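Residues per chain are reported as follows:
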Amino acid sequence: MSLSLGEIVAALGGSLEGNPQVTIERLAPLEVAGPQELSFLSNPRYRQQLAASRAACVIVAPALREVALVRGACIVSDDPYAYFARTTQLWKQRHAVPVLAGIHPSAVVDPAAVIDPTASIGPLCVVERGAVIGAGTVLKSRVTVSEGCQIGARCIVHPGVVIGADGFGFAPQQKQWIKIEQLGAVRIGDDVEIGANTCIDRGALQDTVIEDGVKLDNLVQIGHNVRVGQHTAMAGCVGVAGSATIGSHCTIGGGAVVLGHLTLADGVNVSAATVVTHSLNRPGHYTGMFPIDDNAQWEKNAATLKQLHRLRERIKALERGPDAA
Amino acid sequence: MSLSLGEIVAALGGSLEGNPQVTIERLAPLEVAGPQELSFLSNPRYRQQLAASRAACVIVAPALREVALVRGACIVSDDPYAYFARTTQLWKQRHAVPVLAGIHPSAVVDPAAVIDPTASIGPLCVVERGAVIGAGTVLKSRVTVSEGCQIGARCIVHPGVVIGADGFGFAPQQKQWIKIEQLGAVRIGDDVEIGANTCIDRGALQDTVIEDGVKLDNLVQIGHNVRVGQHTAMAGCVGVAGSATIGSHCTIGGGAVVLGHLTLADGVNVSAATVVTHSLNRPGHYTGMFPIDDNAQWEKNAATLKQLHRLRERIKALERGPDAA
Amino acid sequence: MSLSLGEIVAALGGSLEGNPQVTIERLAPLEVAGPQELSFLSNPRYRQQLAASRAACVIVAPALREVALVRGACIVSDDPYAYFARTTQLWKQRHAVPVLAGIHPSAVVDPAAVIDPTASIGPLCVVERGAVIGAGTVLKSRVTVSEGCQIGARCIVHPGVVIGADGFGFAPQQKQWIKIEQLGAVRIGDDVEIGANTCIDRGALQDTVIEDGVKLDNLVQIGHNVRVGQHTAMAGCVGVAGSATIGSHCTIGGGAVVLGHLTLADGVNVSAATVVTHSLNRPGHYTGMFPIDDNAQWEKNAATLKQLHRLRERIKALERGPDAA
């Protein structure tokens, strides 16, 4: 389980300042890396940690080359974080047992599903009739892909994911709910990653669509008819209600909620735990969360908040002055 | 995969204005429906879309009959949305492969579980000892129904659902947690639908109860000893803490949280992402969420919010005036 | 399914005031317990319910012995709630079919996983290469333990749990996401309980760590590199983002979110639905949630909240008075 610095640079490029025969046993964060470990510095704010690091070698940006050399070996790259990401991929490729293509014997795959021969369907997955799984895509264990849903190429679907359960659609009648059968499906593009126990519902009439390069973390809920644009990323526990349209290159923080039928423009960033209650038509950074405080302070402020509108009236009255009375 | 307008009206009623031999290939939303598609207009606000629609036929309320006829064929129904729901059911019934009754060979069903012969237990489900599954109920793939839990008739349970895991009960002692074994079970009524990866915990001493006609979306958490009244609906990612009692005909928006031991009256509507911190004894619409804003604006307002109680004191002081000093 | 009062006290200690031959058929809450049921009173606030209870016997603290005796039999214990917890354990031990050690034939366990012979691997679980499952630990149905992850002794892992899915790590490059392979694993201590459909991601470079005695409810998300200290408990739907460090003996309320890279001291209590946006370096009780209100009231106050910073400026202006203009 080791690689020399020379092997790493040969595979990934970058400029090595140091002995290519030095052996790296592991990758490690800067503050804990030891003399057989490779680390990286992507954020110049942490340059003080650089001097103190005991790492065998550090991946740095050109601007930090001089500082890094004082300490020891470095690999200079224009984008140290991306270089680090590729190093993790190299590490895995060289050391992990490769994922085998094919269908695990414990998976339940309908004969009328279309599985690319280079795809991997893991243990105890369920792939229903008419589902399509693209080249190189990996369904880890215990994934369900329901009838007629499509997944593109090179996707990674983590355990427990449910693709294509019925969207939540009911018409009220006489104080009961009449089920609206969900006649659409789910279409997922290429290079999408879907976290554990995340759910993507099938559309009511048309398909729910996840475009290329989207990354969804664990326990995310995507309602029916939603469209998520290319390379958008959502952190854990996000909920997107039905028929929302989310642009490309958005980021949605953990636990945020997007209400139904809204549109988010390309390049929108929503903070964690924020509730999107109206469409966001311009790129930007949006937030709405109650600031955390000592419980006693919070109680006072929360009680006052329930009178805020009246406080505003009192300020208005003060501004009008006693003569206005 | 088609039905004539005549067949639809013969099956579902309503009054057809148009040629019964026209063939419908699909159901579609009003704004995208083409000349072989059937659509509906439930909200009169969208009547302008009606005139522009290219749909073969539109389901409308009596009040919109004249407007609809100018455009082309229509089906007149007192409740177009419910009619549309029944049309999706007809569509599915005529075109989908029916769900087969019986137990999929990959499911693990305890011999001491009681499965109605008309129920369907899908692939890789687990049904434990003493569980009861009613007539016509469908467990899709990868559902767990734990020991002694009961599900009524005509329920739909989506993939990944866990019914009857232990409630979260621990007694603190000497800074550790002593497990309170959960000796109750879960009882689910008839016509309940439960979304993917939703969890309903077993009761501590008595049963957790989900009454008839309840609809739960995906990734909902129902704690131990909870009771959910008839025909209540909860959207995705809702959490209901232990021993809460929720009335009939309530709606709980996505991501809302109901704290433990509270009571919600019949007919309570809770907005998305709202935290219910005290019992709600009257029907009504309740909300509590921080409004979303540009991040910079939010930061200013959130900082001020942490001083809100003191601002109120300052307003009081201003109201008392300089003489009071 | 019954035990005599004498058997209970013989097994668990405490001082019985009453006839040891009385037979108990069930445990029940104080307000519903009948003459064949055992109940408990842990909170002295409910002492009025004590007098009215029809329970065969009530577990009470020494201070309530006199009050309890007026009513009928009691078991006196220094810690009635812990005594009650142990009674539920006794009940289960005497009446439930014991969990069998061993691997269910439907589970998919890699030959290179290490399963203690006293552990129980339930139906349709997946245990990957290099995983380690300790003595007495129970994986209920449909649990995934991924490659190289370790679980200690006497843990309970509920259905649908995913341990060791990839953490959510991507480096941005040219408006796309480059995957950071997650080379760490998950290490879980002894006596940990993990609720249904909860996810604990593997670390990026080092391990995600859950220490001894931690209790996690259902649908909790633990990001990569997180460390959760001993005997900390988290209620349902909590999300902990990557690289957060949570101390020992903390409690995190349902639906709360802890942002990434933060540190929570030992003994921190976070209220439900609260977002932790900065490190909490002292024990204490912290809260941040928008108070629920009638929707109409909320709308007024939320609208005013978006102008709060300007209101503060107006108060300042009023305080300066007209002379300052």
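Keep in mind it's a predicted model, so treat the numbers as computed, not measured.

Asker: I'm lost on the relation of the copies chain B and chain A in this one. Help?
Answerer: A rotation about some axis, followed by a shift along it, carries one copy of the chain onto the other. Rotating chain B by 120 degrees and moving it 0.0 Å along the rotation axis overlays it on chain A with an RMSD of 0.0 Å. In symmetry terms, the pair is related by a three-fold rotation axis. Minimal C-alpha distance to the rotation axis in chain B is attained by Phe290(B), lying at 3.4 Å.

Asker: Whenever I open this one, the pattern of salt bridges confuses me. Can you help?
Answerer: Charged atoms that come close allow side chains of opposite charge to pair. Tallied over the full model, the rule gives 39 salt bridges over all chains. As a salt-bridge pair, Arg154(B) and Asp191(B) come within 2.8 Å of each other at their nearest N and O atoms. With Arg154(B) in the loop between strand E16 (150–151) and strand E17 (156–157) and Asp191(B) in the loop between strand E21 (186–188) and strand E22 (193–194), the pair connects residues that are 37 residues apart, well separated along the chain. By relative accessible area, Arg154(B) is classed as partly exposed at 47%. For Asp191(B), a relative accessible area of 29% corresponds to the partly exposed category. Here Arg65(C) makes a salt bridge to Glu17(C), at a shortest N to O gap of 2.7 Å. Of this pair, Arg65(C) sits in helix H3 (residues 65–71) while Glu17(C) sits in strand E2 (residues 15–17), and the two are 48 residues apart along the sequence. A cluster of three or more residues bridged by salt bridges with shared partners is formed by Glu17(A), Arg65(A) and Glu66(A).

Asker: Is there a simple way to explain the side chain of Thr208(B) in this structure?
Answerer: Along the chain, the position of Thr208(B) falls in strand E24 (residues 208–210). When near neighbours in sequence (up to four residues on either side) are disregarded, Thr208(B) contacts Ala185(B), Val186(B), Arg187(B), Ile200(B), Asp201(B), Arg202(B), Gly203(B), Ile222(B), Gly223(B), His224(B), Asn225(B) and Val226(B).

Asker: What should I look at first to understand the UniProt feature "active site" (unreviewed entry) in chain A in this one?
Answerer: Residue and element names in this part refer to chain A. Per the UniProt record, the feature "active site" (unreviewed entry) sits at His224. Secondary-structure assignment places His224 in the loop between strand E26 (221–222) and strand E27 (227–228). Residue class for His224 comes out buried when judged on its relative accessible area of 13%. Residues contacting His224, with those up to four places away along its chain left out, are Gly167, Phe168, Gly169, Gln182, Asp201, Arg202, Gly203, Ala204, Thr208, Gly242 and Ser243.

Asker: Looking at this model, I keep getting lost on the interface of chain A and chain C. Mind explaining?
Answerer: When the parts of a complex come together, some accessible area is lost, and that lost area is often taken as the interface size. Taken together, the contact between chain A and chain C spans 64 residues of the former and 66 residues of the latter. Summing both partners gives a buried area of about 5,600 Å² for chain A against chain C, and 66% of it is carried by carbon and sulfur. The largest share of the area that chain A buries against chain C comes from Arg142(A), Ile292(A) and Lys306(A), three residues that together contribute 13% of it. Here chain A and chain C share three salt bridges between them. Between Lys92(A) and Glu181(C) there is a salt bridge; the shortest N-O distance is 3.5 Å. Elements supplying a minimum of two residues to the side of chain A that touches chain C: helix H4 (80–95), strand E25 (215–216), strand E28 (233–234), strand E37 (293–294), helix H5 (295–305) and helix H6 (308–320) of chain A. If you tally residues by element for the side of chain A that touches chain C, the top one is H4(A), at nine residues. Split into classes, the residues belonging to the side of chain A that touches chain C amount to 33 nonpolar, 18 polar and 13 charged. Two elements, E37(A) and strand E36 (residues 284–287) of chain C, share two bridges in a ladder whose sense is antiparallel. When the bridges of E36(C) are listed, Asp294(A) appears paired with Tyr286(C).

Parameters and conventions
Residues numbered from 1 in each chain as written. Chains lettered and ligands numbered in written order. Predicted model: local features only at pLDDT ≥ 70, side-chain atom pairs only at ≥ 80, totals over all residues. Heavy atoms only, no water. Least-squares fit on C-alpha atoms with pLDDT ≥ 70 in both. Salt bridge = Lys/Arg side-chain N within 4 Å of Asp/Glu carboxyl O. Helix = DSSP H or I, 4+ residues; strand = E, 2+ residues; numbered from the N terminus. Buried < 20%, exposed > 50% of the residue type's maximum accessible area, 1.4 Å probe, protein only. Contact = heavy atoms within 4.5 Å. UniProt positions renumbered as here; feature names shortened; annotations may be inferred. Buried area = accessible area lost by both parts, 1.4 Å probe. Nonpolar A, V, L, I, M, F, W, Y, C, P; charged D, E, K, R; others polar. Pairing = 2+ DSSP bridges.

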